[in-house]
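Residue strings, one per chain:
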Amino acid sequence: MEACRGLCLAMVIIMVAGRGEAQLKKNFYQSSCPNVESIVQQAVLAKLNQTTVTIPATLRLILHDCFVLGCDASIMIASPNGDAERDAQDNLSLAGDGFDTVIKSKAAVEAVCPGVVSCADILVIAARDVVVLAGGPSFKVELGRLDGLISQASLVSGNLPEPFFDLSQLTAIFAKNNLSQSEMIALSGAHTVGVSHCSRFANRLYNFSSSSPVDPSLNPNYAQQLMQECPQNADPDPFVVLDPVTPQIFDNVYYQNLVGGKGLLTSDEVLFTNSASRRLVKNFARNPRNFNLAFVRALRQLGRAGVKTGSQGEIRKDCTAFNS
């Protein structure tokens, strides 16, 4: 890590605010690397054929990247000192397959268009591709980002949503990235794929309150199922799917689960139990098209967070290392 990176943080944040979004456009690489999206898609498909973890891992990776200093692939940096973004406690559970998807996609792109496409843009393309490959909507992505020059573990704490967050906490942390409450609810639909460790929601099963050890908002049958999959104080920490109905398909069943009391995390179920968000959850549960459209808009808005341009960034040759 260069000493300047920490000292320059405030300056970078000021420069990024209000800038960058206008630089993004569809077909940004039309002249410089016209086949970039098809190259990434093939790399993502090859990775998916190796493991279905590719889908949730890549989706989670983009949120963890964009929520800390913006969408700049800073999450990809590997530090020999263990002090980069990915080394923060909240990022240690990120699946390696998400990182591997970006690394392999970058290698494929570099073979055809060396030094042209940023890792940040490749992550955005890959995130779109895993949605499509899981049965979700297809859409054009905005491109033109540079890779960030800062990656520090100390910057992560307090900038990512936690599984115990209530609606106001979720709304506030998404608002920090210019995302509305409605967009937060739509992006939560990414939990239609993926898994969670039992420790992230065990309190809902065994020690919710003095009057009720089990969270009463949980469907009783679902709670019993979770107890079987997550024995109390289990070691090692098991994991379960976030969507017990269609765990590998990108669809609106996540919201149907919330209506039925089958939201796994507190931050999931609160979207239905809170009257301020319940109406939109019901809408998405009934109307898959409405969810798909809202998710695309929200993911595109997420991709506009903290875009780096000009001297604020670079195009990394290796996504895991700064050029310098």
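Rules and cut-offs
- Residues numbered from 1 in each chain as written.
- Predicted model: local features only at pLDDT ≥ 70, side-chain atom pairs only at ≥ 80, totals over all residues.
- Heavy atoms only, no water.
- Axes fitted to C-alpha atoms, helices over the stretch in contact; angles between N-to-C directions.
- Helix = DSSP H or I, 4+ residues; strand = E, 2+ residues; numbered from the N terminus.
- Parallel < 35°, antiparallel > 145°, perpendicular 65-115°, else oblique.
- Left-handed = near helix turned anticlockwise from the far one by under 90°.
- Contact = heavy atoms within 4.5 Å.
- Nonpolar A, V, L, I, M, F, W, Y, C, P; charged D, E, K, R; others polar.
- Buried < 20%, exposed > 50% of the residue type's maximum accessible area, 1.4 Å probe, protein only.
- Polar contact = N/O pair within 3.5 Å; in protein donor to acceptor, adjacent residues only side chain to side chain.
- pLDDT = per-residue confidence, 0-100.
- Core = buried A, V, L, I, M, F, W, Y, C linked by side-chain atoms within 4.5 Å.
- Disulfide = S-S within 2.5 Å.
- Phe/Tyr/Trp six-rings, centres within 6.5 Å; stacked < 30°, edge-to-face > 60°.
- Lys NZ or Arg CZ within 6 Å of the ring centre and 35° of its normal.
- Expected span 1.5 Å × (residues − 1).
- Salt bridge = Lys/Arg side-chain N within 4 Å of Asp/Glu carboxyl O.

A separate point is the packing of helix 5 (residues 96-112) against helix 6 (residues 119-133). Each pair of packed helices gets described by two things: the angle between the helix axes and the distance between those axes. Here helix 5 crosses helix 6 at 115°, and the two axes come no closer than 10 Å. Overall, the two elements helix 5 and helix 6 adopt an arrangement that is roughly perpendicular. As helix 5 runs across helix 6, the sense of the crossing is right-handed. In this structure, helix 5 contributes Thr101, Val102, Ser105, Lys106 and Val109 to the contact, and helix 6 contributes Cys119, Ile122, Leu123 and Ala126. The class makeup of the residues in the contact of helix 5 with helix 6 is 6 nonpolar, 2 polar and 1 charged.

Another point: the environment of Asp243. Of note, Asp243 is situated in the loop between strand 3 (239-241) and helix 11 (253-259). Residue class for Asp243 comes out buried when judged on its relative accessible area of 0%. With near-sequence residues (within four places) excluded, Asp243 lies in contact with His191, Thr192, Asp251, Val253, Tyr254 and Asn257. Here Val245 takes part through its backbone nitrogen, which lies 2.9 Å from a polar atom of the side chain of Asp243. One polar contact links Asp243 to Asn257, side chain to side chain, over a distance of 2.8 Å.

This part takes up the confidence of the model for the chain. Atomic detail in the predicted coordinates should be set aside for any region of low pLDDT. Summing up the model confidence of the chain, the mean pLDDT is 93 and the portion of residues at 70 or higher is 93%. Contacts of residues 1-22 to residues separated by more than four positions or lying in other chains number 31 contacts, the stretch itself having pLDDT below 50.

Moving on, we get to the nonpolar core. Counting residues in hydrophobic clusters, the biggest one holds 76 residues, and the most contacted among them are Tyr255 and Leu271. With 10 residues, the single largest contributor to this core is helix 6. Discounting residues that sit within four places of it in the chain, Tyr255 has contacts with Ile185, Ala186, Ser188, Gly189, Val281, Phe284, Ala285 and Phe291. Listed in part, the 12 residues of the second largest apolar core include Leu205, Tyr222, Leu242 and Leu265.

Let us look at the state of the cysteines. For the structure shown, the criterion picks out 4 disulfides. Residue Cys66 pairs covalently with Cys71 via a disulfide, S to S 2.0 Å. Handedness of the Cys66-Cys71 disulfide follows from its S-S torsion of about 120°: it is right-handed. We classify Cys66 as buried; its relative accessible area is 0%. Its relative accessible area of 1% is what places Cys71 among the buried residues. Each sulfur in the disulfide pair Cys198 and Cys230 lies 2.0 Å from the other.

Our focus in this paragraph is the packing of aromatic side chains. Evaluation of the coordinates by the stated rule reveals 10 aromatic pairs. Arg86 extends its terminal NZ or CZ atom over the ring of Phe99, reaching a point 4.0 Å from the ring centre.

Moving on to helix 4 (residues 54-66). Under the 1.5 Å per step criterion, the end-to-end length of helix 4 is 18 Å for 13 residues, consistent within 8% with the ideal 18 Å. By the criterion of burial, helix 4 is predominantly enclosed, with 11 of the 13 residues buried. All buried positions along helix 4 are accounted for by Thr54, Ile55, Ala57, Thr58, Leu59, Leu61, Ile62, Leu63, His64, Asp65 and Cys66. In the core, the buried residues of helix 4 are packed alongside helix 3 (36-50), helix 5, helix 6, helix 7 (167-175) and helix 14 (288-302).

This next bit is on the pattern of salt bridges. Counted under the stated rule, the structure contains 12 salt bridges. Among the salt bridges present, the one from Arg128 reaches Glu37, with a minimum N-O distance of 2.7 Å. With Arg128 in helix 6 and Glu37 in helix 3, this residue pair connects regions lying 91 residues apart in the sequence. Each of the two residues, Arg128 as well as Glu37, counts as buried.

The subject of this paragraph is the environment of Gly261. Its place among the elements puts Gly261 in the loop between helix 11 and helix 12 (266-273). Residue Gly261 is classed as buried on the basis of its relative accessible area, which comes to 7%. As a C-alpha pair, Gly261 and Phe201 span 60 residues in sequence and 14 Å in three-dimensional space. Residues in contact with Gly261, not counting those within four places in the same chain, are Ser217, Leu218, Asn219, Tyr222 and Glu269.

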